[in-house]
Amino acid sequence: MNRPLILVYATALIVGISYGMHNPIVPVFSKQVIGASYFDLGLIGLSNFIPYMFIPLFVGLLLDRFNNGLLLSLGITIDAASIYLLSISQSVPEVAAFRGMTGIAHSFFWPPCESIISRVTTPQARVKSISKFMGFFVGGLMIGPLIGTFLLENYDVTYRILFQYATFAIATGIVSSLLLKKYGKTAHRTEFSFVSIKKILKFPTVVLMLIFCSSAFGTFLTILPAYMSDRSISESNIELLFFIFGLSRLTSLGFSGLLAKRTFYSLIATMLSISLGMIIAAYSFSFEMFVVAVLIMGFGFTVYFPLTFEIIMRRVQKEHSGGLIGAYETTFGVGWATGPLFAGIVANFFGKATPYLMFFIIGILVTSIIVMKKKELEPAWNPKL
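Along each chain, the written sequence defines residue order, and numbers are assigned to residues from 1. Residues qualify for local features only when their pLDDT is at least 70, as the model is predicted, and side-chain atom pairs are given and counted only at 80 or more; totals for whole chains, interfaces and linings, by contrast, use all residues. Heavy atoms throughout the structure, all of them, feed into the side-chain values; hydrogens and water do not.

Colleague: Help me out: how do you make sense of the pattern of salt bridges in this one?
Modeller: Opposite charge on two side chains lets them pair, provided their charged atoms get close. A pair is scored as a salt bridge if a Lys or Arg side-chain nitrogen falls within 4 Å of a carboxyl oxygen belonging to Asp or Glu. With the rule as written, the count across this model stands at two salt bridges. The residue Lys-31 makes a salt bridge to Asp-230 at a minimum N-O spacing of 3.4 Å. A residue pair is termed long-range when its members are at least 10 positions apart, and Lys-31 in helix α2 (residues 26-34) and Asp-230 in helix α13 (residues 224-230) qualify at 199 residues. We call a residue buried when its accessible area falls under 20% of the maximum for its residue type, exposed when it is over 50%, and partly exposed in between, using a 1.4 Å probe and counting protein chains only. The exposure class assigned to Lys-31 is partly exposed, which follows from its relative accessible area of 26%. Exposure remark for Asp-230: the relative accessible area of 29% places this residue in the partly exposed category. Across the pair Lys-352 and Asp-230 runs a salt bridge whose closest N-O atoms are separated by 3.5 Å. Within this pair, whereas Lys-352 is found in the loop between α18 (321-350) and α19 (354-372), its partner Asp-230 is found in helix α13, the two being separated by 122 residues in sequence. Here a strand is any run of E in DSSP of at least two residues, a helix any run of H or I of at least four, and the numbering for each starts at the N terminus.

Colleague: Hey, could you run me through the packing of helix α16 (residues 263-282) against α19 in this one?
Modeller: In a pair of packed helices, the angle between the axes and the distance between the axes together describe the arrangement. Angular values range over 0 to 180 degrees, each being the angle between N-to-C directions of two axes fitted as lines to C-alpha atoms, with helices fitted over their stretch in contact. Here α16 crosses α19 at 165°, and the two axes come no closer than 7 Å. When the axes of α16 and α19 are compared, the pair comes out roughly antiparallel. Considering only the axes of α16 and α19, their crossing is left-handed. Each of Phe-264, Ile-268, Met-271, Leu-272, Ser-275, Leu-276, Met-278, Ile-279 and Ala-282 in α16 lies in contact with α19, whose residues at this interface are Tyr-356, Leu-357, Phe-359, Phe-360, Gly-363, Ile-364, Val-366, Thr-367, Ile-370 and Val-371. Considering only residue class, the contact of α16 with α19 consists of 16 nonpolar, three polar and no charged. We call two directions roughly parallel when the angle between them is under 35 degrees, roughly antiparallel when it is over 145, roughly perpendicular when it lies between 65 and 115, and oblique otherwise. In this scheme the crossing of two helices becomes right-handed for a clockwise turn of the near helix relative to the far one and left-handed for an anticlockwise turn of less than a right angle. Here a residue-residue contact requires only that any non-hydrogen atoms of the pair lie within 4.5 Å. Amino acid classes used here: Ala, Val, Leu, Ile, Met, Phe, Trp, Tyr, Cys and Pro are nonpolar; Asp, Glu, Lys and Arg are charged; the rest, including Gly, are polar.

Colleague: I keep staring at the environment of Ala-81 and nothing clicks. Help me out?
Modeller: Checked against the element boundaries, Ala-81 lands in helix α5 (residues 68-87). Taking the C-alpha atoms as reference points, Ala-81 and Ala-105, 24 residues apart in sequence, are found 9.5 Å from one another.

Colleague: In this structure, what is going on with the nonpolar core? I would like to understand it.
Modeller: One recurring pattern in soluble globular proteins is that nonpolar side chains are buried together. Here the nonpolar core consists of buried residues drawn from Ala, Val, Leu, Ile, Met, Phe, Trp, Tyr and Cys, with membership extended through side-chain atoms lying within 4.5 Å. The biggest cluster of nonpolar side chains holds 110 residues, and the ones touching the most others in it are Phe-109, Phe-133, Phe-220, Leu-224 and Phe-301. Broken down by element, this core gets its largest block of residues, twelve residues, from helix α17 (residues 287-313). Val-59, Leu-62, Leu-63 and Phe-108 belong to the second largest nonpolar core, which has five residues in total.

Colleague: I would appreciate a short explanation of a nonpolar patch on the surface in the present structure.
Modeller: On the surface, Phe-39, Leu-43, Ile-345, Phe-349 and Phe-350 cluster together to form a nonpolar patch covering roughly 480 Å² of accessible area. Counting only elements with at least two residues in the nonpolar patch, the list comes to α3 (38-49) and α18. The greatest single-element share of the nonpolar patch, amounting to three residues, is contributed by α18. Looking at the element boundaries, Phe-349 is found in helix α18. Since its relative accessible area comes to 58%, Phe-349 is described here as exposed. Patch criteria: residues need more than 30% relative accessible area and no salt bridge. Like-charged residues are merged within 9 Å; nonpolar side chains of Val, Leu, Ile, Met, Phe, Trp and Tyr are merged within 5 Å. With residues, only the protein chains shown are counted as cover, and all accessible areas are computed by Shrake-Rupley using a 1.4 Å probe.

Colleague: What should I look at first to understand the packing of helix α1 (residues 3-22) against helix α7 (residues 110-120) in this one?
Modeller: Between α1 and α7, the shortest axis-to-axis distance is 10 Å and the interhelical angle comes to 160°. In terms of orientation, α1 and α7 fall into the roughly antiparallel class. Our pair here, α1 against α7, has a crossing hand that is left-handed. Contact residues: α1 offers Pro-4, Leu-5 and Val-8, while α7 offers Cys-113, Ile-116, Ile-117 and Val-120.

Structure representation (C-alpha cells):
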C-alpha cells in the first residue's frame, strides 16, 4: 500500500473517531440541555448540512489549483474549532451556527481525500480504494461511540466535556493531513467554472438517488437520535446503536468490489434497505427493534456512495476530476441539508414517526424510477468507459 493512501486512511480514522464520539449526542444535547424542539433540530440539521450544498463545488474547483493536503488540513482545523465551540454553546442559534461551521469543515474533508485517492490510484483500483477510505472512516465512527459511552458511564462526563474530548481527538488529524501536503500537489490549473454542474446533471437518475439517500442519511444523523431518546432509549444505548450501525457499514464495505460488478441490482438493494430500515424505525419502541433498523440501513447508507461515485468518475479524466468531485459532493449536500429540515417540520406538525414513514414511501417510488430507467443508465455503467 502506498504512503499517501495510508495517510488518507489514518486521517479518515481519526476524523471518524471524533465524529462518532460526539455526533450521536448532538441532537440529544440540543433537546435536553438547550431545549430544542423537533423543528429546531431540523433547523440545526439544515445549518449543519447547508454549507455542503455550495462549498464542495467551490472546494472541487480549488482541488485542481491548490495543494489538496493543505485544503484537507484547513478543513480539520475548522472542524476542531467548531466542536469546541459546540461545547460552550448556550442556545439553539449558537448550536446551529457552530454546526454550520462543522458543515463547512466537512466540505474540506471529503473532496480533498477523494481527489488524492483518485490521483494516486488507477481507475481499476479506485472503487476498492474509496471503499477502504470509507471503511477507515466508518471504523472510526464505530470506535467513537464506544469511547463516548465509556466516558459517559464511567467518568461522569457531561455532554460538554465529551465534545471537548472529541475536539482533541480530531485535532490530532491535522498531523496526518499536513503530511499529505507532499502528495497533494497539482500541476493542473483550471478556470473557475460551473460547467461541472452541467456534467453531473447528465446523470439525472444518479442525482435523484443521491438526493434521496443523503436526505435520509441526514435525517438519520440529526433527527433519529432524538427520536430514539423519546422512545426511552438511553444515551449510552444510542451510542451503542451507532456502533452497531458502523459495524453494519464496515461489513457492507467488504462486499463493495463484488457489488460493483452488479451495480444496477446493488443500487436497487440499497434503496430498498434504506426504505425498509426507515419503516422499521417508525414502529420501533425497543432497543432490539432499533438494532434491526440500523443494521438494515447500515448497508444502504454505505454501498450507494462508492457505486455512484464510480459511475460519475468513469466519465472524467483524472486531471480534471476536482470540479466533478465538488459537484458530486454538492449534490450530496442538497439532500443532507433538505432532509433534516423536511423531517423536523413533518415530525413537529404530523407526529414523530411520520418522517420515517414518508421516507419509506419516497424510497419505494425512487426504486421504481430506477427500475424503469435501467436501459438509460446501463451505458454509464459500462466498464469500458
